[in-house]
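# Tertiary structure, described
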Amino acid sequence: MEINKQFVLDTAKKLLEHHSPSGFCFEIMEEIAAYAKSFGYSFETTRKGCGIITVPGSQEERVIGLSAHVDTLGAMVRSITGSGTLSFTLVGGPILPTLDGEYCKVRTREGKIYTGTFLSTSPSAHVYEDASSKSRDTKNMEVRLDEVVNSKEDVEALGIANGDYIFIEPKTTITESGYIKSRFIDDKASVAALMGLLEMLSREKVTPTYTLKIFISVYEEVGHGSSYIPEDITEMIAVDMGCIGQDLACTEQDVSICAKDSGGPYDYQMTSKLIELAKVNSLRFTVDIYPMYGSDVGAALRGGNNICGALIGPGVHASHGMERTHYDGLENTIKLLYHYITQ
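As a convention, each chain's residues are numbered from 1 in the sequence order in which they are written. Given that this is a predicted model, residues contribute local features only at a pLDDT of at least 70 and side-chain atom pairs are listed and counted only at 80 or more, while totals for whole chains, interfaces and linings are drawn from all residues. The side-chain figures draw on all heavy atoms in the structure; neither hydrogens nor water molecules are used.

## With respect to the overall build of the chain
Applied cut-off: Helical segments are the DSSP runs of H or I of at least four residues, strand segments are the runs of E of at least two, and each set is numbered from the N terminus. Computation of the radius of gyration draws on C-alpha atoms alone. For the globule rule, the value is 2.2 Å times the number of residues to the power 0.38. When accessible area is computed with a 1.4 Å probe and restricted to protein chains, residues below 20% of their type maximum are described as buried, those above 50% as exposed, and intermediate ones as partly exposed. Note on definitions: a residue-residue contact is assigned when non-hydrogen atoms from the two residues lie within 4.5 Å. To measure how exposed things are, a 1.4 Å probe is used in the Shrake-Rupley method; for residues, cover is taken only from the protein chains shown. Charge counting follows a simple rule: Lys and Arg are positive, Asp and Glu are negative, and His as well as the terminal groups are ignored. We put the charge of a Lys on NZ, of an Arg on CZ, of an Asp on CG and of a Glu on CD.
The secondary structure content of the chain amounts to seven helices and 19 strands. In summary, the chain has a C-alpha radius of gyration of 21 Å against a globular reference of 20 Å for 343 residues, a match within 12%. The burial tally for the chain puts 56% of its 343 residues in the buried class. Restricting the contact set of the chain to residue pairs at least 6 apart, pairs at least 24 apart contribute 76%. Counting only carbon and sulfur atoms, one obtains 48% of the accessible surface of the chain, whose full area is about 14700 Å². Of the side chains in the chain, 31 bear a positive and 46 a negative charge, and the two mean positions are spaced by 1 Å.

## Re the packing of aromatic side chains
Definition in use: Put simply, two rings from Phe, Tyr or Trp (the six-membered ring, in Trp's case) pair if the centres are within 6.5 Å, and we call them stacked under 30 degrees between planes, edge-to-face over 60, tilted for the rest. For a lysine, the NZ atom is tested; for an arginine, the CZ atom; a charge sits over a ring if that atom is within 6 Å of the ring centre and within 35 degrees of the ring normal.
In the structure shown here, the tally under the stated rule is nine aromatic pairs. Each member of the aromatic cluster is reached from another via a ring pair, and the members are Phe24, Phe26, Tyr165 and Phe167. The lysine or arginine in question, Arg324, covers the ring of Tyr179, its NZ or CZ lying 3.8 Å from the ring centre.

## Focus: the nonpolar core
Note the following rule: Buried Ala, Val, Leu, Ile, Met, Phe, Trp, Tyr and Cys residues that are joined via side-chain atoms within 4.5 Å together make up what is termed a nonpolar core.
Ranked by internal contacts, the top residues of the largest apolar core, which has 101 residues, are Leu66, Phe118 and Ile237. It is helix 4 (residues 185-203) that provides the largest number of residues to this core, a total of ten residues. Look past the residues within four positions of Phe118 in its chain and what remains in contact with it is Ala75, Phe88, Leu99, Asp100, Gly101, Glu102, Cys104, Met141, Glu142, Val143, Ile166 and Ile168.

## Quick word on the pairing of strand 3 (residues 59-69)
Rules: Two strands are said to pair when DSSP picks up at least two bridges between them.
Of the strand pairs in this sheet, strand 3 and strand 12 (residues 210-217) are connected by eight bridges, and their pairing is parallel. If you follow Val63 over to strand 12, its bridge partner there is Thr211. Of the strand pairs in this sheet, strand 3 and strand 13 (residues 235-239) are connected by four bridges, and their pairing is parallel. Considered in strand 13, the bridge of Gly65 is made with Met236.

## Describing the packing of helix 5 (residues 268-280) against helix 7 (residues 327-341)
Put simply, the test is: Axes here mean lines fitted to C-alpha atoms, for a helix over just the part in contact, with angles spanning 0 to 180 degrees between N-to-C directions. Each angle is binned into one of four classes, with values under 35 degrees roughly parallel, values over 145 roughly antiparallel, values of 65 to 115 roughly perpendicular, and all other values oblique. A clockwise turn of the near helix away from the far one marks a right-handed crossing, whereas an anticlockwise turn of less than a right angle marks a left-handed crossing. Three classes are used: nonpolar for Ala, Val, Leu, Ile, Met, Phe, Trp, Tyr, Cys and Pro, charged for Asp, Glu, Lys and Arg, and polar for all others, with Gly counted as polar.
Axis separation between helix 5 and helix 7 bottoms out at 10 Å; the angle between their running directions is 115°. When the axes of helix 5 and helix 7 are compared, the pair comes out roughly perpendicular. Crossing of helix 5 over helix 7 shows right-handed handedness. Facing helix 5, whose interface residues are Met270, Lys273, Leu274, Leu277 and Ala278, helix 7 presents Leu336, His339 and Tyr340. A per-class count over the contact of helix 5 with helix 7 returns six nonpolar, one polar and one charged.

## Structural notes on the sheet that holds strand 11 (residues 179-182)
Spatial strand order, 10-11-19: three strands in an open sheet with antiparallel pairing. Edge positions in the open sheet fall to strand 10 (173-174) and strand 19 (323-326), since each of these has one partner strand only. As paired elements, strand 11 and strand 19 share four bridges and run antiparallel to each other. For Ser182, the partnering residue across the bridge sits in strand 19 and is Glu323.

## Things to note about the layout of surface pockets
Note the following rule: Only protein atoms enter the 1 Å grid used here. Points where a 1.4 Å probe fits but cannot escape make up a cavity, open sets with protein on both sides within 12 Å along at least five of seven lines make up a pocket, and a residue lines them when an atom lies within 4 Å of a point. Grid points are joined across faces, edges and corners, and a volume is the space filled by probe spheres set on the points.
In this structure, the largest pocket occupies an estimated 540 Å³ of space. Lining the largest pocket we find 26 residues, and of these Met241, Cys243, Met292, Tyr293 and Ser319 sit closest to its centre. Per-element accounting of the lining of the largest pocket gives the leading share, three residues, to helix 6 (residues 296-302). Partitioned by chemical class, the residues of the lining of the largest pocket number ten nonpolar, nine polar and seven charged.

## Quick look at helix 2 (residues 26-39)
Stated precisely, the cut-off is as follows: Any helix carries an expected span of 1.5 Å times its number of residues minus one. The arc in question is traced by the directions running from the helix axis to the C-beta atoms.
An ideal rise of 1.5 Å per residue puts 20 Å on 14 residues; helix 2 measures up with 20 Å between its terminal C-alpha atoms. Taken residue by residue, helix 2 has Ile28, Met29, Ile32, Ala33, Tyr35, Ala36 and Phe39 as its buried positions. Angularly, the buried residues of helix 2 cover 160° about the axis, an arc narrow enough to put them on a single face. Counted as exposed and oriented over 90 degrees from the buried face of helix 2: Glu30, Lys37 and Ser38. Residues of helix 2 that are buried in the fold lie against helix 1 (5-16), strand 1 (42-45), strand 2 (51-55), helix 4 and strand 12.

## Observations regarding unusual backbone geometry
Most peptide bonds adopt trans geometry, and most residues besides glycine take a negative phi value. A cis amide bond, omega 15°, links Asp186 with the succeeding residue Asp187. Topologically, Asp187 is positioned in helix 4. Backbone geometry places Ala318, a non-glycine residue, at a positive phi of 60°. Mapped onto the elements of the fold, Ala318 is located in the loop between strand 18 (308-316) and strand 19. Take Ala318: its relative accessible area is 30%, and that puts it in the partly exposed class.

## Focus: the environment of Ser79
The residue Ser79 is located in strand 4 (residues 74-80) in this model. Accessibility expressed as a relative area gives 27% for Ser79, which makes it partly exposed. Residues Ser79 and Pro97, spaced 18 residues apart in sequence, show a C-alpha to C-alpha distance of 20 Å. If near-sequence neighbours (up to four positions away) are discounted, Ser79 is found in contact with Thr85, Leu86, Ser87 and Asn162.

Right under this line is the structure:
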C-alpha cells in the first residue's frame, strides 16, 4: 500500500491551523466529518461532540477502535483587570514560560475575534528589575489586547467577558527536510495519520479484517476524552504522541509503542503483537515507558468500558511547548496501524 505523503502533510497543516482547545471542537469536527464522508465512510457524533468513523470489516468477531484527539491546550479569560488586560486560566497543561511573548486570539461568545499577546506582568527590561527573573505563571502573566483599552469597562465594551476562549497561535511550519513544527502536534499529527490511513484504505479499496471504528475525542487534554466509547469496541489503540527525552529511546522518526504510562501497563498481548508487527515489517519503532502521561485508552478503561488497550504514536519533541515531529514518524505510525488492522 502506498501512503499519500502530500495528503498526510496537507491534512496535518490544515488541522494544526484550526483553533480547537478542549471544549471548543465543533468547528474542527466538521472538517473530520468531511474527510470521512469524502472517503465513503459513515460519521456520527456522541452527545459531547466526539466523532465516530466506521469502516466495515470482513469479520464480525471483534471491533477494533483507534482513537486520537483533536482537542488541544488553550486558555480562557478568567477576569478583566482594571487596566484593561486579561487574566487567564489554562485549559490543559501548556508549559507556561513558552507562552511569554506568544500571540493569541480572544473569541467572544458572539463570535468576535480580537488579537493579543501573552506577557509577563513585568514585560519590559527597561522598566522592571524582575523582568527576566519573575515567575511565568498565571499569577504573573496576562494578555495584552491589540485594542485601545485602558480600563475594564473599555474591554467589556468590546464584548469580551469572563469565560471567553483564548486561542494560542500554533505557528505551524513544515520544512523541506520533513519536520513538522507547531504547537498542538499532540495530537493532531496522529489525527492526520488516521486520516491518511483512511484515505489509503478508501483509495486502494482495502477492507480491514475486523470492523474498524475511528474515535476522535474532544476532551482528552482535560482527562475524559474517551471515557465513553461505542460498547461494541472490543480492543482499542490510542494513537497519541510518543515521548522524547531523558532516558527514552524514541526519536521523531519513530513510531513509539508505549508499554506503560502513569495509568499503568497497557495490554500485554496487544503490545507484544504491535512490537512483532513492527519488527517483521522493518518499521522504525521503539518501546518506551512514559513517566507522566495518560491516554484515551486510560480514560476508556476508567469509564468502565470492557476493552483491552494499547498506545502508539509518532515521536514528538518538546511536548506541551513548541513541539516538533517528522513525517517519518507519521508514516511509520500509519504502516503499523495498517498491518495491525489487516492481520
